Amino acid sequence: MAAIEQQPLDPEKLQTFVFRAVEEVGATLNAALVVMGDKLGLYRALAGAGPLTPAELAGRTGTAERYVREWLNAQAAGGYVDYDPDTCRYTLPPEQTVALTDEDSPAYLPGFFQIALGSVHDSPRITDAVRSGAGVGWHDHVHDVHEGCERFFRPGYNANLVSAWLPALDGVVDKLERGASVADVGCGHGASTIVMAQAFPNSTYAGFDYHDGSITTARERAADAGVGDRVRFETAPASAYAGAGYDLVTMFDCLHDIGDPVGAARHVRSTLAPDGTWMIVEPAAGDRVEDNLNPVGRAYYSFSTLLCTPASLSQEVGLALGAQAGEARIREVTERGGFTRFRRVAETPFNLVFEARP
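So, here's what we can say about the structure. All values derive from a computational prediction rather than experimental measurement.

Each helix and strand in the chain was counted, giving 14 helices and nine strands. Since a compact globule built from 358 residues should have a radius of gyration of about 21 Å, the 23 Å found for the chain is in line with a globular shape. The C-alpha extent of the chain, read off along each of the three principal axes, is 70 × 65 × 30 Å. If you take every contact in the chain between residues at least 6 apart in sequence, the share linking residues at least 24 apart comes to 67%. Summed over all atoms, the accessible surface of the chain reaches about 17200 Å², with 54% contributed by carbon and sulfur. Computed over 29 positive and 47 negative side-chain charges, the separation of the two mean positions in the chain equals 3 Å.

Structure follows, in C-alpha cells:
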C-alpha cells in the first residue's frame, strides 16, 4: 500500500478555515432569508422609508414582529441593513435598495438567491445522481429554480440585449428594424424573446423550450407584454425546433445545458438563412480551471454541479459542457456544427456573447 504523506497541521490556518466555514453557513442560511424578505415585501417596505423599528416594519408588511426582529438582526449582521443601537432602528441603504428592490436594475439580486435556494432544496436528488451517474432534467426541479432563473437573468437582458449585445452583431439590428425572423431557442419564460419583440416590433419571433411549464408561462408573459401579435412559443428541443430561414437564432445561457450541443448547432445551421446569425450568450468563463477560481466562477461551478451538468446528463449524448465551458469549447461546438465564423462580440461580469456565422 502507498504510504500516506503526513503534513504538519497549522492551528492558525485551521482556525481561519473554521471561521470562514461559519461565515459560509451564515451565507447559506441568508439565501433563505433574502428570499423570505423578497416574498414578504420586507425589503420593499424598508426601501426609502428611513429608520424603522421591527414593529413598524411588521405593521407595514402584515407580518409578525418577533419574526421580523430576528430577520432584521440577521440582515444587520450580514451588512444588508444598517442598525442604529441608540434608536434600535434599521435602515436599508440606497445601494442595497437598488440591488434588492429595483427589478429594472442590472444589479437586481433576489432572483439569484431564489435559484440558489431552489438548487439547495433539490440537492438531495443531485446527491443520488452523483452516486449513480444519472441526470436530472430541468423539468424535475422545484419552482424556485425556474422562477429564480428568469428573475436572475432578465435584468441583464433588459440592460444589455438591445443596447449592447444585438448592436455588436454584424448587420443584425438593421435586419430587426426592417423585419426579421427570429428563433429564441431555450427561451424559458420568454424574457429574452419579449425584450427583443418590444424593441423591434417589425420582426417576428418564435420561442422554443423543451419544458412545457416554461412555455405556458412564456405565453402568458407575452400576452401581458402586448407582443402576442408577433411572438409565438412552442414546446420543442434545441435539436428539433420548427422553421427555417431564420435571420437570427439566439440561445441565452442554455447551450451548455443541452445534452447534444453539437447536434443542436447542426440544427441551428440548417434553420438559418444563408446570411443568418447565431447569437450565443453563455456564462462568463475562462478556458482553464484556474481562470475561474473567483467569486463568479465559484457561483457558476456550483450551479453547474447542481443544475447544468445534471440537466445535460439527463439528455441524449450528455456531453455536459458545464456552466464554465469557456470560449474555446463553445467555438469547438459551433465549428463541429458547421459554422465557419466565430467571434466574441461582447461581455459583462456574468456573460460572454458570441456570434457564429455559416
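Don't stop here, the text continues.
Further remarks concern the pairing of strand E6 (residues 246–252). The element E6 is extensively covered by neighbouring structure, given that six of its seven residues are classed as buried. Judged from the four bridges that link them, strand E3 (residues 181–185) and E6 form a sheet pairing that is parallel. Residue pairing across strands places Val-185 opposite Met-251, the latter belonging to E6. With six bridges connecting them, E6 and strand E7 (residues 272–283) associate as parallel partners. Within E7, the residue paired with Thr-250 across the bridge is Met-279. With respect to chirality, the unit in which E6 leads through helix H12 (residues 261–271) into the neighbouring parallel E7 is right-handed.

As a further point, take the sheet that holds strand E4 (residues 204–209). Spatially, the seven strands line up as an open sheet ordered E5-E4-E3-E6-E7-E9-E8, and their pairing is mixed. Each having just a single partner strand, strand E5 (231–235) and strand E8 (341–347) make up the two edges of the open sheet. Direction aside, neighbouring strands of the sheet carry axes that sit 20° apart on average. Both E8 and strand E9 (residues 351–357) contribute to a ladder of six bridges, which runs antiparallel. From the neighbouring strand, Arg-343 faces E9, where its bridge partner is Glu-355.

This part covers the packing of aromatic side chains. Using the criterion set out here, one finds 15 aromatic pairs in the structure. With a centroid separation of 5.0 Å and an interplanar angle of 55°, the aromatic rings of Tyr-157 and Phe-252 are classed as tilted. Here Tyr-157, found in helix H8 (residues 143–165), pairs with Phe-252, found in strand E6; they are 95 residues apart in sequence, far enough to count as distant. Judged on exposure class, the residue Tyr-157 and its partner Phe-252 are both buried. Joined through ring pairs, the aromatic side chains of Phe-112, Phe-152, Phe-153, Tyr-157, Trp-165, Phe-252, Phe-303 and Phe-350 make up one cluster.

The next thing to look at is the nonpolar core. The biggest cluster of nonpolar side chains holds 42 residues, and the ones touching the most others in it are Trp-165, Leu-166 and Met-279. The biggest single contributor to this core is H8, with seven residues. In this structure, Ala-206, Met-251, Ile-258 and Leu-272 belong to the second largest nonpolar core, which totals 30 residues.

Relative to the helices and strands, Gly-62 resides in the loop between helix H3 (54–61) and helix H4 (65–77). Gly-62 sits in the exposed class, given a relative accessible area of 69%. Separated by 20 residues in the primary sequence, Gly-62 and Leu-42 place their C-alpha atoms 9.8 Å from one another.

Further remarks concern the pattern of salt bridges. Inspection of the entire model under this criterion finds 21 salt bridges. Linking Arg-298 and Glu-24 is a salt bridge whose minimum nitrogen-to-oxygen distance equals 2.4 Å. Remark: Glu-24 occurs in helix H1 (residues 11–40) and Arg-298 occurs in helix H13 (residues 295–313); sequence separation between them is 274 residues. You can call Arg-298 partly exposed: its relative accessible area is 45%. With a relative accessible area of 29%, Glu-24 lands in the partly exposed category. Close ionic contact of Lys-39 with Asp-144 constitutes a salt bridge, the shortest N to O distance being 3.3 Å. Taken together, the residues span a long stretch of sequence, with Lys-39 in helix H1 and Asp-144 in helix H8 at a distance of 105 residues. A residue is classified by how much of its surface remains accessible, and Asp-144, at 16% relative accessible area, is buried. Residues joined by salt bridges that share partners form a network here, namely Glu-103, Glu-150, Arg-154 and Arg-221.

Conventions adopted
Residues numbered from 1 in each chain as written. Predicted model: local features only at pLDDT ≥ 70, side-chain atom pairs only at ≥ 80, totals over all residues. Heavy atoms only, no water. Helix = DSSP H or I, 4+ residues; strand = E, 2+ residues; numbered from the N terminus. Rg over C-alpha atoms; globule rule 2.2 N^0.38 Å. Contact = heavy atoms within 4.5 Å. Areas by Shrake-Rupley, 256 points an atom, 1.4 Å probe, with all protein chains shown as cover. Lys, Arg positive; Asp, Glu negative; His and termini not counted. Charge placed at Lys NZ, Arg CZ, Asp CG, Glu CD. Buried < 20%, exposed > 50% of the residue type's maximum accessible area, 1.4 Å probe, protein only. Pairing = 2+ DSSP bridges. Right-handed = clockwise from strand over helix to strand, strands pointing away. Axes fitted to C-alpha atoms, helices over the stretch in contact; angles between N-to-C directions. Phe/Tyr/Trp six-rings, centres within 6.5 Å; stacked < 30°, edge-to-face > 60°. Core = buried A, V, L, I, M, F, W, Y, C linked by side-chain atoms within 4.5 Å. Salt bridge = Lys/Arg side-chain N within 4 Å of Asp/Glu carboxyl O.

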